[in-house]
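# Reading the structure
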Amino acid sequence: MSGGVDSSVAAYLLKKQGYQVIGLFMRNWHDTTGTLAGDCPWEDDRMFAELVAKKLDIEFHYIDLSDEYNRRVVDYMFAEYERGRTPNPDVLCNREIKFDAFLKAALKLGADYVATGHYCRKAIAENGFFRLLAGLDKNKDQSYFLCQLSQQQLNMALFPIGELEKSQVRQIAAEQGLATAARKDSQGICFVGKVDLPIFLQQKLRAVKGDIIEIPADCPRRHGEFEACKYSREDGWKVGEHNGAHFFTVGQRKGLGVGGKVEPLFVLQTDTAENIIYVGMGESHPGLNREGLFIARNDVHWIRPDLQKGGRYMVRIRYRQPLQEATLTIADDGIFIRFDSPQRGITCGQFAAWYSQDEELIGSGVIS
Ligand SMILES: Nc1ncnc2c1ncn2[C@@H]1O[C@H](COP(=O)(O)OP(=O)(O)OP(=O)(O)O)[C@@H](O)[C@H]1O
């Protein structure tokens, strides 16, 4: 229970279905450096979770997993930024914390399952494999955040609100007089929504001045093909300086400190080895919209190990992105995904997740 409305209603529904329910709140974030002023501190969240547990007349426990979180999520995050990639800590938090460290803590309390307030559905296929399906509320579907879960983890998971719309969840909470009924949704998940990311990153990543190179839209080096076609200095001209390529992300517009002559500049590519940022002018710059992506073999994860095959899938490369038609090809060293139409802001370090036509999550991987 996070102190939000979704997990409150999840607990209520389980209890109503006859489960013996225990509320468990985790603290995963200690450091307050870079914390956004006025954002709800974890104590408030815990208080709300506890209030709801009291109301539902269920046991309530608290666990501090911040060391574990630091080690398994925050360190990974810095390491990825350092490599010039943009990590997704929310996906990691589910794989490493909620459905691992947290799950183990729940097992110690005698639990058989961990239930969360995620908007997604679990089912069982005819051959006995677990299926992870998108939540029925298309606006709220959170299956993407669970794209790294294994069959073992799914085995232990319950998603009681996955069949509901958010408005229904709020209505149930109000009808039951739960203190969280009108609490605002958490913006980012885990701690990232609660910190000022640039300030946070500056704590650990060194600022080093480097060049910003603008690439013309008609640069002959086309960025539509799978071959890693990387820009180099010779492809453009210097338009300014930045304070560290690892602070920037593909598609980023703000914080460059230079504007385009006619339209805004967007980051097309970062090169942390050379400490160069390549930018292009305007949303329609060909370097910003790419046809495909590659995932190295070791970074490929099949949620359905029994369905490992290429072919047509629906793919998303970020949370809430509408699913995109694409073709997946399995190669010796990894997999290629080619989209039917070019995608904006395909970013190294983020997860691509592929779904079958009935919105079952089949696999995912870190974009390389
Ligand atoms: N601090 C926490 N302690 C225990 N469980 C948590 C915590 N944070 C998140 N969770 C679990 O993970 C689920 C998804 O978390 P997320 O931060 O995405 O919240 P949410 O979708 O806004 O849900 P909620 O309304 O329950 O906060 C929550 O519904 C809850 O079950």
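Keep in mind that this is a model prediction, so the values were computed, not measured.

A sheet is described by the order of its strands in space; here four strands give the open sequence E8-E7-E10-E9, paired in mixed fashion. Across the chains shown, the open sheet's two edge strands, defined by having one partner strand only, are strand E8 (237-242) and strand E9 (265-271). The mean angle between the axes of side-by-side strands here comes to 30°, regardless of whether they run parallel or antiparallel. Where strand E7 (residues 210-214) lies against strand E10 (residues 276-281), four bridges are found, and the strand directions are parallel. By the bridge assignment, isoleucine 213 is partnered in E10 with tyrosine 278.

Between helix H3 (residues 66-82) and helix H4 (residues 89-108), the least distance of the axes is 10 Å, while the angle of their chain directions is 160°. Taken together, H3 and H4 sit at an angle that is classed as roughly antiparallel. Crossing hand, H3 versus H4: right-handed. On H4, the residues that touch Glu68, Tyr69, Arg72, Val73, Tyr76 and Met77 of H3 are Pro89, Leu92, Cys93, Glu96, Ile97 and Ala101.

Per-residue confidence for the chain gives a mean pLDDT of 90, with 91% of residues at or over 70. Scoring the predicted complex yields pTM 0.89 and, for the interface, ipTM 0.97.

With that settled, consider the nonpolar core. Val9, Val52, Ile161, Val315, Ala352 and Ala353 are the most contacted members of the largest nonpolar core, which has 69 residues in total. No other element matches the eight residues that H4 contributes to this core. Two domains each donate at least three residues to this core, and these are domain 1 (5-117 + 160-195) and domain 3 (290-366). Excluding residues within four positions of it along the chain, alanine 353 makes contact with Tyr144, Cys147, Val315, Arg316, Leu361 and Ser364. Formed by 18 residues, the second largest nonpolar core is a distinct cluster that contains Ile212, Ile215, Phe266 and Ile276.

Attention now moves to helix H2 (residues 42-56). Counting along an α-helix, one turn takes 3.6 residues, and residues three or four places apart therefore face a common direction. Compared with the 21 Å implied by 1.5 Å per residue over 15 residues, the 21 Å span of H2 between its first and last C-alpha is a close match. Residues of H2 that are buried include every one of Phe48, Ala49, Val52, Ala53 and Leu56, and no others. Down the axis of H2, the sector holding all buried residues measures 135°, keeping them to one side. Seen from the buried face of H2, the exposed residues on the opposite side, beyond 90 degrees, are Glu43, Asp44 and Lys54. At its buried positions, H2 is contacted by helix H1 (5-16), strand E1 (22-27) and strand E2 (59-64). Immediately downstream of H2, the backbone of aspartate 57 shows phi near 60°, a positive value.

The rules behind these values
Residues numbered from 1 in each chain as written. Predicted model: local features only at pLDDT ≥ 70, side-chain atom pairs only at ≥ 80, totals over all residues. Pairing = 2+ DSSP bridges. Helix = DSSP H or I, 4+ residues; strand = E, 2+ residues; numbered from the N terminus. Axes fitted to C-alpha atoms, helices over the stretch in contact; angles between N-to-C directions. Parallel < 35°, antiparallel > 145°, perpendicular 65-115°, else oblique. Left-handed = near helix turned anticlockwise from the far one by under 90°. Contact = placed C-beta atoms within 7 Å. pLDDT = per-residue confidence, 0-100. Core = buried A, V, L, I, M, F, W, Y, C linked by C-beta atoms within 7 Å. Buried ≥ 20, exposed ≤ 12 C-beta atoms within 10 Å, placed from the backbone. Domains from an automatic or database assignment. Expected span 1.5 Å × (residues − 1). Arc of directions from axis to C-beta.

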